[in-house]
Amino acid sequence: MVWHTSASRVVYENRWIRVREDDVTGPDGEGIYGVVEMQHPAVFIVALDDEDNVCLVSMQRYTTGPSWEVPAGGSDGEDPLLAAQRELAEETGLVAAEWEHLGTMNALNGIAVAPEHVFLARGLSPAPDSALAQAEEGIDEVVRVPLPEALAMVADGRISDGETVAALAYVGIRLGRFV
């Protein structure tokens with residue numbers, strides 16, 4: 001069954017998201033489908049140091065509460081690599097010498113148009129101007145944990161952020177950790 005859209009209207013919009021309602025015909029017949037569109041793609045960074053440690057940030061999410069995540073943020077219309085470099089520095093005070101784009105994904109694709117880019121960052125060092133914007137970003141703590149421990153955190157539920165889980169999966173696949 002191919003979905004058919006007969007009308008579409010924006011019901012809410014701000015600088016980050018747009019919400020629209022579409023009049024559709026789908027598998028169950030006619031109805032209204034609500035769709036959230038991100039204004040710009042997001043970026044997710046798995047920062048891996050020379051000892052195979054992953055940089056994680058802890059924050060309080062308004063919607064879900066405490067969360068361990070990889071550094072991430074909106075691209076704000078920037079090139080995704082530049083946005084990833086900015087977000088890593090802002091959230092962790094680190095810069096990376098090596099960057100690899102691992103892939104793109106779509107968050108909540110049943111209700112949203114939310115493209116996301118995943119990067120692997122290596123060769124970590126302190127940012128030259130390490131005046132961190134962590135408080136502004138809402139970050140409570142920055143830690144480095146061994147990659148196997150980060151995967152264990154996914155398995156036992158300490159990491160429940162879907163994009164962080166997916167970003168770690170991208171890295172695990174890229175590094176041959178999931179055979």
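It should be emphasised that the depicted structure is a prediction, and the values quoted were computed from it without experimental measurement.

Core analysis: the largest hydrophobic core is formed by 20 residues, its most contacted members being Phe-44, Val-46, Val-54, Leu-56, Val-70 and Leu-168. Looking at this core, the elements that each hand over two or more residues are strand 4 (42–47), strand 5 (53–61), strand 8 (94–106), strand 10 (115–126), helix 3 (147–155) and helix 4 (162–174). When sequence neighbours within four positions are dropped, the list of residues in contact with Val-46 reads Val-54, Val-70, Phe-119, Leu-120, Ala-121, Ala-167, Leu-168 and Val-171. Counting residues in each nonpolar core, the second largest holds 12 residues, with Ala-47, Cys-55, Leu-88 and Ala-121 among its members.

Summarising the element assignment, Ala-84 is placed in helix 1 (residues 80–92). On the basis of relative accessibility, which here comes to 0%, the residue Ala-84 falls in the buried class. For the pair Ala-84 and Ala-7, spaced 77 residues apart in the sequence, the C-alpha separation amounts to 36 Å. Those residues in contact with Ala-84 that lie beyond four places of it in its chain are Val-43, Ile-45, Trp-99 and Phe-119.

So, on to the sheet that holds strand 2 (residues 17–26). Overall, mixed pairing links the four strands, which are arranged 1-2-3-9 in an open sheet. Each edge of the open sheet carries a strand with a single partner, namely strand 1 (4–13) and strand 9 (112–113). Alignment of strand 1 against strand 2, held across eight bridges, turns out to be antiparallel. Paired with Arg-9 across the two strands is Glu-21, which belongs to strand 2.

In this section: the pattern of salt bridges. Taken as a whole and assessed by the stated rule, the structure comprises 16 salt bridges. In this structure, Arg-61 and Glu-69 form a salt bridge, with 2.7 Å as the shortest nitrogen-oxygen distance. In this structure, Glu-78 engages Arg-86 in a salt bridge whose closest nitrogen and oxygen atoms are separated by 2.7 Å. Among the residues examined, Arg-86 registers a relative accessible area of 22% and is labelled partly exposed. The network of salt bridges with shared partners includes Glu-13, Arg-18, Arg-20, Asp-22 and Glu-37.

The rules behind the values
Residues numbered from 1 in each chain as written. Predicted model: local features only at pLDDT ≥ 70, side-chain atom pairs only at ≥ 80, totals over all residues. Heavy atoms only, no water. Core = buried A, V, L, I, M, F, W, Y, C linked by side-chain atoms within 4.5 Å. Buried < 20%, exposed > 50% of the residue type's maximum accessible area, 1.4 Å probe, protein only. Helix = DSSP H or I, 4+ residues; strand = E, 2+ residues; numbered from the N terminus. Contact = heavy atoms within 4.5 Å. Pairing = 2+ DSSP bridges. Salt bridge = Lys/Arg side-chain N within 4 Å of Asp/Glu carboxyl O.

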